[in-house]
Amino acid sequence: MAVELCLLLLLLCRSTISEVQPLHKPPPGTLDFGFVPAKTYDTNAYHEPGSIGILFRMVHAFLYLVQPNSFPQDLIKKLAQQKFGNAQGDYQKAIYYEIGFIVSAALGLLFVLFLPLVGLCFCMCRCCDNCGGEMHQRQKKNADCRRGCFATFLFVASLIISIGVLCAYAANQHLTSQVRGAKNLMHSNFKDLRIFLNDTPGQIDYLVSQYNTTKNKAVSDLNNVGPLLGSRVQERFAKEVRPALDAALTMAGAIRETKEALENVSVSVEVLQEGTERLHANLTDVKTHLSNTLSDSACSTAQAASTCNIIRNSLNQLSINANFSGLPGVSTQLAKVNDVLKTDLSSLVQKGYAAFNDTPDLVLNQTKNILSDIKNFLDFIGSNITSFTKMLPVQKVLADLTIYLTQSEAYVQDYFPVVEQYDFYRWLGCLILCCMVILILVFYYLGLLCGTCGYDKHASPTTRGCISNTGGNFLMAGVGFSFLFSWVLMIVVVITFVTGGNVEKLVCEPFEDRTLFKVLDTPYLLNRQWRNYLSGIVLKNPEINLTFEKVYSDCKENKGIYSTLHLENLFNINEFLNISMYTEDVSLKIEHINVNLSNIVLLDEIGKQNLLNFSSSGIDGINFAAYLTEINKSVTKVDLLSFANDLEARADQLPKGALENALKGHANSIRMIHNQQVVPLEQAMSTLYQSIRLLQRTSSELTVKVKHVISAVDAAQLLINNNASLVIIQETKKYMDMIIGYFEQYVEWVKESITMEVAACKPIANVIDTAVDIFLCSYVIDSVNTFWFGLGGCSIFLIPAIICAVKLSKYYRRMDTEDVYDDVETIPMKNMENGNNGYHKEHLYGIHNPVMTSSVEQW
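Rules behind the numbers
- Residues numbered from 1 in each chain as written.
- Predicted model: local features only at pLDDT ≥ 70, side-chain atom pairs only at ≥ 80, totals over all residues.
- Heavy atoms only, no water.
- Axes fitted to C-alpha atoms, helices over the stretch in contact; angles between N-to-C directions.
- Helix = DSSP H or I, 4+ residues; strand = E, 2+ residues; numbered from the N terminus.
- Parallel < 35°, antiparallel > 145°, perpendicular 65-115°, else oblique.
- Left-handed = near helix turned anticlockwise from the far one by under 90°.
- Nonpolar A, V, L, I, M, F, W, Y, C, P; charged D, E, K, R; others polar.
- Core = buried A, V, L, I, M, F, W, Y, C linked by side-chain atoms within 4.5 Å.
- Buried < 20%, exposed > 50% of the residue type's maximum accessible area, 1.4 Å probe, protein only.
- Contact = heavy atoms within 4.5 Å.
- Phe/Tyr/Trp six-rings, centres within 6.5 Å; stacked < 30°, edge-to-face > 60°.
- pLDDT = per-residue confidence, 0-100.
- Disulfide = S-S within 2.5 Å.

## Examining the packing of helix α14 (residues 466–512) against helix α25 (residues 762–812)
At their nearest, the axes of α14 and α25 sit 6 Å apart, and the two run at 155° to each other. One finds that α14 runs roughly antiparallel with respect to α25. Helix-helix and strand crossings are classified by hand; for α14 and α25 the assignment is left-handed. For the contact of α14 with α25, a count of residues per class yields 30 nonpolar, 13 polar and four charged.

Listed below in structure tokens is the structure:
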């Protein structure tokens, strides 16, 4: 079964799946193959005995005391190889190992032989009025104490026997109930085996179908070869190309800004020159009018003279401070920059960007034919797998195995009622044995009950009551049945003890610690021609290290049957399908990808010359110091607003009149001049300052900057022209590894799935555990051992019970004769009334009951 079921899976691997080596590190993105469909097995190969487990553990402890030796692997191996006894000391070792069972069995056999013999002699002795058979009881001073002790000992012994018979009965019932329940366990195992057979083809089909997942991912990446491979190539060059183009594009922007700045300088200088001329004329007029006003006779008065003098002395401040008429022009530089701008450098740079960004499309267009061949080849691989799947006789093998499983299940179902019937006979026999013990216990308990309740300490032995006498008779009946049944019980105990104890020690315990598997795995043990028996049966090669222990352990862990049985040793996969050959073909086709990037031009000669022309435009020759010197000056020598405010404040100091009003009118005129002429001039100076600073920054080492930009562009272009082939080869190799990596992931996933999930052999381990650990050991052997443990305890404690019952019956039964004394005062019964238990040891004789009273009267 395992051969045909796993053959298809093996085709997906190389000659041995364990030999698969990854072609690339690290692996690509993980593919999601989902989960292999699997059903849950119903069988729980674990048995919890419940409360009776305490008895089982007690029995195990007792067996350890009887036989504490370790498992005799060497002796078992020799016995299996029929070499036992060839070496000296084999028998001694066997006896040493079994010494506990031998001694215990010997004691049991002695019990079987001697107890019936002792019972026979005891009966004959009592028939001769000896051994307590004489119906006469001698009076002793400690009679009550002896009677109490015997009754107590018998009661304790009966309790122990009762516990033993309860243990035996519980074990008997437990075995019967478990045998009846084994039918459900059997059905569960057959159901799991059927699931194991029915699900395996679906699991194989699922593994095969997941090839499409791999193929679809590969095809998707092939369809996206532009974004994947082209983008990788692009990113390799982007580290050099993008900074170079960005610098060129920045320089194009700087040219435009330079033109704007030059235009602003030219316009601002012209505005400033015209504005300062007008301002100078207006300020001159203001000074003239102020001088005329100050020449008025009103200023000659004592109150106004000082104020007028102060104003007259400040008139010199009403003049312009900055002189823009001498600043050099920038028309030459502006004309050259305009010539430079006739070539659209930004457009040229954008063409370089576009050419570089078209790399993915370029790769896609140049690889269409090769990618089509690869896709067809992937379809060819899938068709090969599908066609070979149809060639495998999986369904036929599964049908045959299913028929065999059905027949086996029918056979078990047919014979299970027979097992139940024989188990009923066994249960009935064990119940009879328990009833024997219970019968004895009934007599003992009735004897104790009747004897204790009916005993009258004032009555003499010959006058004891009927109840007390009946109790004594019950005790003797129990003794009689003890002699009759005890040897039968002990025979059963010895047989079940030797059998169950040895099975526990030689099968169950070694199976639990897996020592038994180590014995089975001994080379040449089961077949003298084969080193490894299991591999010889399954793989037809006894040299392969396939052991029972490893197979059981793997199945216990629910691993796949492929790895468990080492089925890779059965086939040469290269005869059917060699994935490595296909991957090599795919690799060769991918390596044929050749992308030509020679058409990419980042910046042509026109653009480079344009940059050189800009560097020679002469903006670095502008006298920025002259401009900054005049710009940093104020438009007028004095702040006109402050001057106007001060003039108005001094006018307020004058007497009310025409002079005051005239001066305030001049102050308002000065304010108007400031608002209408000085403020626009200051704004023009600000614009001029910003433009000059921009031109100053741009012109700083302009030639060096332009050379650096051109050098960066040339370096990036040279990189594309000279290293494109190497970069494309390297990135194509990575791209190829990514595509091949998908198939390797598939192979690794198939390997892991076959090992752990496909045809998981947990049901096989469950069958073994059910047959050996649960049914044989837990159900049968533990119950059998508990049965003989309880029954053996009953048999052993029958001996002290017999002794105590015989002794105690003397105190309960009515005697034919009793002791008579020569002095009535020495009669024990009378003295007992007086509190004295002494008796006369001389002149002692016994008489029959009818005469006793008259004889005493004659005395």
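## Quick notes on the environment of G657
Counting through the fold element by element, G657 comes out in the loop between α22 (640–651) and α23 (658–699). Separated by 359 residues in sequence, G657 and A298 place their C-alpha atoms 9.0 Å apart.

## Quick notes on the nonpolar core
The biggest cluster of nonpolar side chains holds 135 residues, and the ones touching the most others in it are L290, L318, L602, Y627, L663 and I670. Of all the elements, helix α7 (residues 225–294) adds the most residues to this core, at 23 residues. Apart from residues lying up to four places away in sequence, L318 is in contact with L283, V286, K287, L290, V638, L640, F643 and I670. One finds V66, L154, C430 and M476 within the second-largest nonpolar core, a separate group that totals 50 residues.

## Here's the deal with unusual backbone geometry
Here the phi dihedral of R514 falls at roughly 65°; this positive angle occurs in a residue that is not glycine. Tracing the backbone through its elements, the reader meets R514 in the loop between α14 and α15 (515–520). At N558, a position not held by glycine, the phi torsion is positive, near 65°. Take N558: it is sitting in the loop between α17 (548–556) and α18 (561–564). Taking the relative accessible area as the measure of exposure, N558 reaches 29% and is therefore partly exposed.

## Some details on the packing of aromatic side chains
Tallied over the full model, the rule gives 20 aromatic pairs. An aromatic cluster is present here, built from F62, F101, F497, W788 and F789 joined pairwise through their rings.

## So, the confidence of the model for the protein chain
In this model, the protein chain carries an average pLDDT of 77, and 82% of its residues clear a pLDDT of 70 or more. When pLDDT is averaged over each helix and strand of the protein chain, the minimum, 34, is found for helix α27 (residues 849–858) and the maximum, 91, for helix α2 (residues 53–66). Note on residues 1–28: pLDDT under 50 across the span, and 82 contacts to partners over four residues away in sequence or across chains. Note that pLDDT drops below 50 for residues 822–859; the model gives that stretch 63 contacts with residues more than four away or on any other chain.

## What about the state of the cysteines?
Counting across every chain of the model gives two disulfides. Note on cysteine connectivity: C508 is disulfide-linked to C777, with sulfurs 2.0 Å apart. Judged by the torsion about the S-S bond (-100°), the C508/C777 disulfide is left-handed. Taken together, the positions of C508 in helix α14 and C777 in helix α25 put the pair 269 residues apart, joining distant regions of the chain. Pair check on accessibility: C508 and C777 agree, each one buried. Disulfide pairing is shown between C555 and C761; the S-S distance is 2.2 Å. Torsion about the S-S bond of the C555 and C761 cystine: about -110°, corresponding to left-handed handedness. Placement of the pair is C555 in helix α17 and C761 in the loop between α24 (702–756) and α25, with a sequence separation of 206 residues. On the accessibility criterion, C555 (3% relative accessible area) is buried. The cysteine C434 is free of any disulfide, with C430 supplying the nearest cysteine sulfur at 6.9 Å. Accessibility expressed as a relative area gives 1% for C434, which makes it buried.

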